[in-house]
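Each chain, written out:
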Amino acid sequence: MKNTLIKTIPYIDVKKLLAGEISPASFLNIFHKYGFAYLYNLDFDPLNIGTQQFKMLQSSAQSFFDLPLEKKMQYYIGASPNHRGYVPVSEKGAYGDEKIRVYEAFDMSYSLPGTSKEDHQKLRGENVWPQEISDFRNTCESYYNQMFLLGKSLLRIFAQAFDLPENYFDAYTQHPPAQLRLLNYLSDPRLNGQEDVAMGAHTDYECFTFLYQTSPGIQGDIHRDGEFINLPVFKNTLLMITGDMMHFMTNGYLRSLYHRVINNGAQRLSFPFFMNFDFETQVEVLPKFQDFQAKDYNVQQKLPEKIVVGQHLLGQLYRDFPYLKAKIDMGDWKVPFSIPKYNLFERV
Ligand SMILES: [Fe+2]
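One structure accompanies this document, and this report is about it. Since the model is a prediction, treat every value here as computed from it, not as a measurement.

## Describing the overall build of the protein
Here's step 1: If you tally the helices and strands in the protein, you get 9 helices and 14 strands.
Here's step 2: Scaling as 2.2 N^0.38, a compact globule of 348 residues should have a C-alpha radius of gyration of about 20 Å, and the protein matches this with 19 Å.
Here's step 3: Overall size of the protein, expressed as C-alpha extent along the three principal axes, is 55 × 45 × 40 Å.
Here's step 4: Taking all 348 residues of the protein together, the buried fraction comes to 39%.

Laid out in C-alpha cells, this is it:
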C-alpha cells in the first residue's frame with residue numbers, strides 16, 4: 001500500500017475569509033485545485049471553535065465509547081426511527097477494500113422535534129442521547145451548532161464565488177440532514193501487516209465535510225489518479241473536503257474528493273460533520289458552470305439533470321448500513337425512488 005506524502009498544503013484563515021480579507025474567488029480556487037483545505041483561526045465570535053470545544057468533544061466521545069457494548073446498544077441506530085444513535089462495529093457496509101471492520105460510531109443530525117413517520121424516513125426528527133455521560137448532549141449539541149454555523153457561513157462565500165446572491169443557499173439549509181459522526185477506530189491486532197483499510201474508499205455524499213481528528217489516517221486521491229495521499233492532522237484545525245453536491249452543482253469544477261482511512265495501529269477518534277442541504281432540495285448545475293468541462297470528470301456514467309439531495313444520501317446510506325438496507329428491502333422504510341447500484345461520483 002503506497003503512502004505518499006502530500007507536497008502542498010492548502011490552508012485558509014477563516015477569520016480573514018469571513019472578514020472579507022480573502023476573496024470568494026480565491027476560496028473557490030483552492031477547492032477547485034485540491035478538493036480539500038485546512039481551516040484554521042476558528043476561535044472568534046460567533047464561531048468560537050477552539051481547543052476547549054475539541055477537547056470536550058473528544059472526552060465526551062471517549063466516555064461514550066468506553067461504555068460496555070450492551071449499554072451502547074441501548075442507543076442502537078437501527079432502533080431509532082430516523083437514523084440516529086450508536087453504530088456498532090458489526091454494522092458493516094458493502095466496501096470491497098474494507099475487509100475487517102474496525103470502527104464504531106455515534107451519529108446525530110439536525111434536531112427537529114415532533115416529526116411524523118414520513119419525516120423520520122426523510123431523516124428528520126430528534127437525536128438520541130445517552131444518559132450515562134453528563135454533558136454528552138450539551139457538548140455534542142454545542143459542537144454541532146458551531147459546525148452548522150460555519151457550514152452556513154461558508155455556503156455564503158461559495159454563493160458569492162458562484163455569482164449568486166450571498167444568501168442563496170440559506171433557503172436550502174432550514175433543517176438539513178447534516179450529520180455529525182463520532183467515530184472510534186479501534187486498534188486491532190488482526191490488522192497487523194494486512195492490506196486492509198479502516199474505512200473503504202468513498203466520496204462524501206453532501207456539500208462538504210469538516211473533519212477534526214486526533215491522529216492521521218485519512219488519505220485522499222488528490223490527483224484523481226488512483227494514488228491515495230496521506231492528509232496530515234494539525235491542532236485546532238479542520239480538514240475540509242468538498243462532496244458530491246458541490247461536484248454536481250459545479251459540473252465537476254469542484255471535485256468530490258475520493259478518500260479512505262488506513263489503519264495505523266493505534267486507536268483513533270475522528271469527528272466528521274457533513275454540511276448538507278434540506279432533504280427535498282433539487283440540485284442542478286449552476287449557470288456559472290454550465291459550460292465547464294472537467295478534464296478528469298470520470299464519474300461512472302452521465303449524471304442526471306437534477307439530484308434530490310435526500311434521495312442521493314439515502315441511496316448511499318442503503319449501501320453503508322445493513323440495518324437500513326433490511327428496513328428498506330422489507331418496506332418498513334419507504335423510499336419512493338430506486339436505489340442506485342453505486343455512487344455516481346465515485347471513480348471507476
Ligand atoms: Fe468520508
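## Re unusual backbone geometry
Here's step 1: At the junction of D45 and P46, the peptide bond is cis and its omega measures out at 0 degrees in the coordinates.
Here's step 2: Secondary-structure assignment places P46 in the loop between β2 (36-40) and α3 (51-65).
Here's step 3: Phi at D163 is positive, roughly 60 degrees, even though this residue is not glycine.
Here's step 4: On the secondary structure map, D163 appears in the loop between α6 (136-161) and β5 (180-185).
Here's step 5: By the C-beta count within 10 Å, which is 11 here, D163 ends up exposed.
Here's step 6: One non-glycine residue, N251, lies in positive phi territory at about 60 degrees.
Here's step 7: Note on placement: N251 falls in the loop between α7 (244-249) and β11 (259-262).

## As for the sheet that holds strand β8 (residues 218-220)
Here's step 1: What the 4 strands build is an open sheet, ordered β6-β11-β8-β9; its pairing is antiparallel. Looking along the sheet, the strands with just one partner apiece sit at the ends: β6 (197-202) and β9 (229-230).
Here's step 2: The sheet contact formed by β8 and β11 spans 3 bridges and is antiparallel. By the bridge assignment for β11, G220 is matched with H259.

## Describing the packing of helix α2 (residues 24-34) against α6
Here's step 1: The interhelical angle for the contact between α2 and α6, taken along N-to-C directions, is 100 degrees, at an axis separation of 8 Å. On the basis of their axis angle, the class for α2 and α6 is roughly perpendicular. Between α2 and α6, the residues in contact are P24, A25, F27 and L28 and I157, F158, Q160 and A161, respectively.
Here's step 2: Looking at the contact of α2 with α6 residue by residue, the classes come out as 7 nonpolar, 1 polar and no charged.

## Let's talk about helix α8 (residues 309-320)
Here's step 1: Relative to the 16 Å expected for 12 residues at 1.5 Å per residue, α8 spans 17 Å between its end C-alpha atoms, a close match to the ideal helical length.
Here's step 2: Taken as a whole, α8 has its buried residues at V309, G310, H312, L313, L314, G315, Q316 and Y318.
Here's step 3: Residues of α8 that are buried in the fold lie against α7, β13 (282-283), β14 (307-308) and α9 (322-329).

## With respect to the pairing of β5
Here's step 1: Within β5, 5 of the 6 residues are buried, which leaves it mostly tucked inside the rest of the structure.
Here's step 2: Where strand β4 (residues 103-108) lies against β5, 6 bridges are found, and the strand directions are antiparallel. Paired with E104 across the strands is N184, a residue of β5.

## Side note on the sheet that holds β5
Here's step 1: Across the sheet, 8 strands lie side by side as β1-β2-β10-β7-β12-β5-β4-β3; this open sheet has mixed pairing. Of all the strands in the sheet, the pair left with one neighbour each is β1 (11-13) and β3 (85-87). Neighbour-to-neighbour, the strand axes of this sheet turn through a mean angle of 25 degrees, independent of strand direction.
Here's step 2: Note that strand β7 (residues 208-213) and strand β10 (residues 238-242) share 4 bridges and pair antiparallel. When the sheet's bridge partners are listed, F210 is paired in β10 with M240.
Here's step 3: In the packing of α2 onto the sheet, contacts are made with β1, β2 and β10, and the angle to β2 comes to roughly 135 degrees.
Here's step 4: Here α6 sits on the sheet and contacts β4, β5, β7 and β12 (268-275); the angle it forms with β5, its principal contact strand, is near 120 degrees.

## A closer look at the pairing of β7
Sheet faces and side chains relate simply in a regular strand, where the side chains alternate between the two faces.
Here's step 1: Among the 6 residues of β7, 6 are classified as buried, and the element is accordingly described as predominantly covered.
Here's step 2: Judged by which residues are buried, β7 turns out to be covered on both faces: F208, F210 and Y212 on one side and T209, L211 and Q213 on the other are all buried.
Here's step 3: Pairing between β7 and β12: 6 bridges, direction antiparallel. Counterpart to L211 in the pairing with β12 is P272.

## Comments concerning α3
Because each turn of an α-helix spans 3.6 residues, side chains separated by three or four positions end up pointing in the same direction.
Here's step 1: Along its 15 residues, α3 runs 21 Å from first to last C-alpha, staying within 8% of the 21 Å computed at 1.5 Å per residue.
Here's step 2: Here α3 has its buried residues at Q53, L57, S60, A61 and F64. In an axial view of α3, the angular spread of the buried residues amounts to 100 degrees, which keeps them on one side of the axis. Projecting away from the buried face of α3 at angles above 90 degrees are the exposed residues T51, Q52 and K55.
Here's step 3: The elements touched by buried residues of α3 are β4, α6, β5 and β12.

## So, the environment of A294
Here's step 1: For A294, the position within the fold is in the loop between β13 and β14.
Here's step 2: You can call A294 partly exposed: it has 17 C-beta atoms within 10 Å.
Here's step 3: In this structure, the C-alpha to C-alpha distance between A294 and I229, residues 65 residues apart in sequence, is 21 Å.
Here's step 4: In this view, A294 contacts N251, G252 and Y253; residues no more than four positions away in its chain are not counted.

How each quantity is defined
- Residues numbered from 1 in each chain as written.
- Predicted model: local features only at pLDDT ≥ 70, side-chain atom pairs only at ≥ 80, totals over all residues.
- Helix = DSSP H or I, 4+ residues; strand = E, 2+ residues; numbered from the N terminus.
- Rg over C-alpha atoms; globule rule 2.2 N^0.38 Å.
- Buried ≥ 20, exposed ≤ 12 C-beta atoms within 10 Å, placed from the backbone.
- Pairing = 2+ DSSP bridges.
- Axes fitted to C-alpha atoms, helices over the stretch in contact; angles between N-to-C directions.
- Parallel < 35°, antiparallel > 145°, perpendicular 65-115°, else oblique.
- Contact = placed C-beta atoms within 7 Å.
- Nonpolar A, V, L, I, M, F, W, Y, C, P; charged D, E, K, R; others polar.
- Expected span 1.5 Å × (residues − 1).
- Arc of directions from axis to C-beta.

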